[in-house]
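This is what each chain is made of:
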Amino acid sequence: MSRDPSELFAQPAPDLRGRLTPDRPLADLTWLRVGGPADWLYQPADEEDLRRFLAALDPSVPVFPMGVGSNLIVRDGGLPGVVIRLGRGFNAIRVEGDTVTAGAAALDAHVARTAAEAGRDLTFLRTIPGSIGGALRMNAGCYGSYVADHAVTVRLVHRDGSLETRDARDIGFAYRQTDLPADSIVTEVTFRADPGEPAALEARMADQLAKRDASQPTRDRSAGSTFRNPAGFSSTGREDDTHELKAWKVIDEAGMRGATRGGAQMSQMHSNFMINTGGASAADLEALGEEVRKKVFETQGIELQWEIMRVGRPAPDTTP
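K.L.:
Please explain the overall build of the protein as it appears in this structure.
P.N.:
Per the secondary structure count, the protein includes six helices and 19 strands. Rg of the C-alpha trace for the protein: 20 Å, near the compact-globule value of 20 Å for 320 residues, within the 12% margin. Counting only C-alpha atoms, the protein reaches 65 × 60 × 30 Å along its principal axes. Burial status across the protein gives 48% buried among its 320 residues. Charge separation in the protein, taken as the distance between the mean sites of 37 positive and 45 negative side-chain charges, equals 2 Å.

K.L.:
Explain the pattern of salt bridges here, please?
P.N.:
Should the charged atoms of two oppositely charged side chains come close, the side chains can pair. Here the structure, examined in full by the defined rule, presents 22 salt bridges. The partner of Lys-249 in a salt bridge is Glu-253, with the nearest N and O atoms 2.6 Å apart. In this pair, Lys-249 and Glu-253 both sit in helix α5 (residues 247–253), four residues apart, roughly one turn of the helix. Its salt-bridge partner being Arg-293, residue Glu-290 comes within 3.0 Å of it at the nearest N-O pair. Residue Glu-290 and its partner Arg-293 are both found in helix α6 (residues 282–300); the two are separated by three residues, about one turn of the helix. Through salt bridges with shared partners, a single network forms among Arg-3, Asp-23, Asp-39 and Arg-313.

K.L.:
It is not clear to me how the sheet that holds strand β6 (residues 93–96) should be interpreted in this structure. Could you clarify?
P.N.:
Reading across from one edge, β6-β7-β13-β11-β12 is the order of the five strands in this open sheet, with antiparallel pairing throughout. Where the open sheet ends on each side, the last strands, each with one partner, are β6 and β12 (163–167). Across the sheet, the mean angle separating the axes of adjacent strands is 15 degrees when strand polarity is ignored. Here helix α1 (residues 47–56) sits on the sheet and contacts β11 (151–157), β12 and β13 (185–192); the angle it forms with β11, its principal contact strand, is near 45 degrees.

K.L.:
Explain α1 to me, please; I cannot follow it from the model alone.
P.N.:
Residues that lie three or four places apart on an α-helix share one face, since the helix turns once every 3.6 residues. For α1, the full list of buried residues reads Glu-47, Asp-49, Leu-50, Phe-53, Leu-54 and Ala-56. Capping the start of α1, Asp-46 holds a side-chain oxygen 3.3 Å from the backbone nitrogen of Glu-48, two or three residues further along.

K.L.:
Looking at this model, I keep getting lost on the packing of helix α2 (residues 108–117) against helix α4 (residues 198–215). Mind explaining?
P.N.:
A packed helix pair is summarised by two numbers, namely the angle formed by the two axes and the spacing between the axes. Contact geometry for α2 and α4: axes closest at 8 Å, N-to-C directions at 155 degrees. Classified by the angle between their axes, α2 and α4 sit roughly antiparallel to one another. Together, Ala-112, Arg-113, Ala-116 and Glu-117 of α2 and Pro-198, Leu-201 and Met-205 of α4 make up the contact between the two elements. Among the residues forming the contact of α2 with α4, the class breakdown is five nonpolar, no polar and two charged.

K.L.:
How should I be thinking about the nonpolar core in this particular structure?
P.N.:
The nonpolar side chains of a soluble globular protein tend to be buried, and buried together. In terms of nonpolar packing, the biggest core is built from 48 residues, with Leu-57, Val-82, Ile-84 and Leu-122 touching the most fellow members. Discounting chain neighbours no more than four positions away, the residues touching Leu-122 are Val-100, Val-111, Ala-112, Ala-115, His-150, Phe-191, Arg-192 and Ala-193. Judged by nonpolar contacts, the second largest core, of 24 residues, contains Ala-247, Val-250, Ala-259 and Leu-288.

Parameters and conventions
Residues numbered from 1 in each chain as written. Predicted model: local features only at pLDDT ≥ 70, side-chain atom pairs only at ≥ 80, totals over all residues. Heavy atoms only, no water. Helix = DSSP H or I, 4+ residues; strand = E, 2+ residues; numbered from the N terminus. Rg over C-alpha atoms; globule rule 2.2 N^0.38 Å. Buried < 20%, exposed > 50% of the residue type's maximum accessible area, 1.4 Å probe, protein only. Lys, Arg positive; Asp, Glu negative; His and termini not counted. Charge placed at Lys NZ, Arg CZ, Asp CG, Glu CD. Salt bridge = Lys/Arg side-chain N within 4 Å of Asp/Glu carboxyl O. Pairing = 2+ DSSP bridges. Axes fitted to C-alpha atoms, helices over the stretch in contact; angles between N-to-C directions. Contact = heavy atoms within 4.5 Å. Polar contact = N/O pair within 3.5 Å; in protein donor to acceptor, adjacent residues only side chain to side chain. Parallel < 35°, antiparallel > 145°, perpendicular 65-115°, else oblique. Nonpolar A, V, L, I, M, F, W, Y, C, P; charged D, E, K, R; others polar. Core = buried A, V, L, I, M, F, W, Y, C linked by side-chain atoms within 4.5 Å.

In short, the description is geometric, and any link to function would need to be established separately.
Shown next, in the form of structure tokens:
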């Protein structure tokens, strides 16, 4: 089916500088390498281009902001409406005094390194997969620090194309979530960062990376932690850290470490990581996750909550 771009707009199409692609496969844009196509993918040139696009878009067309796909399962039937993916026009990083401002497309690791080089401590971001927009929206964190602890202001482009700079205190941060509208797009985040010696900050990040690589399947196709910790907080990384009510522990106790479905597997290395061993469908991954949730509830009465986002339509039923 051919798609006509004019059908997207409630008024004459604006003079856009970004890239609009119909029926764009999304599997290669997600870390799990699964999922069907977006009806449309728009890659805006910059914030003003994004605003013009959204302002002209028919209000009935759904919009889904997508980062680098590090925490995402796109279902096999793809995504309706328009997927917005930010690129080079949104990845600048600048350090001014005790603040670090990063575009939403800047990788978390790059922000941590750039800040460290300038003597500012955002080292907790170094091992978090993904980009700053997603980190903000999910209140990402590790080693006892969260985005909520450092964010100062957030720039948002809303579904109608309006621009807002919001105080981080009005974001509604909670464990692995915020109350931002689902179709509003984060374009920039400003953090406040403590001072530190660049060499010491770099050494800390190197130590964090070594610990991560020793305990997580970083060479496999995964989307990071599959489920939120029932305890309601991240691992601290300290020696006195408790493992009670950690997702990996309750999964182990349910006997689901290494469980498989099709090409999907709960990692033998870290049982809260779901991996695509090759050839998995989105349906395989989601069904395995639901099986894990069922087993944990049956054995321990704990209802695991997904940390990975699952979006889109299931594959069409091809049964004759």
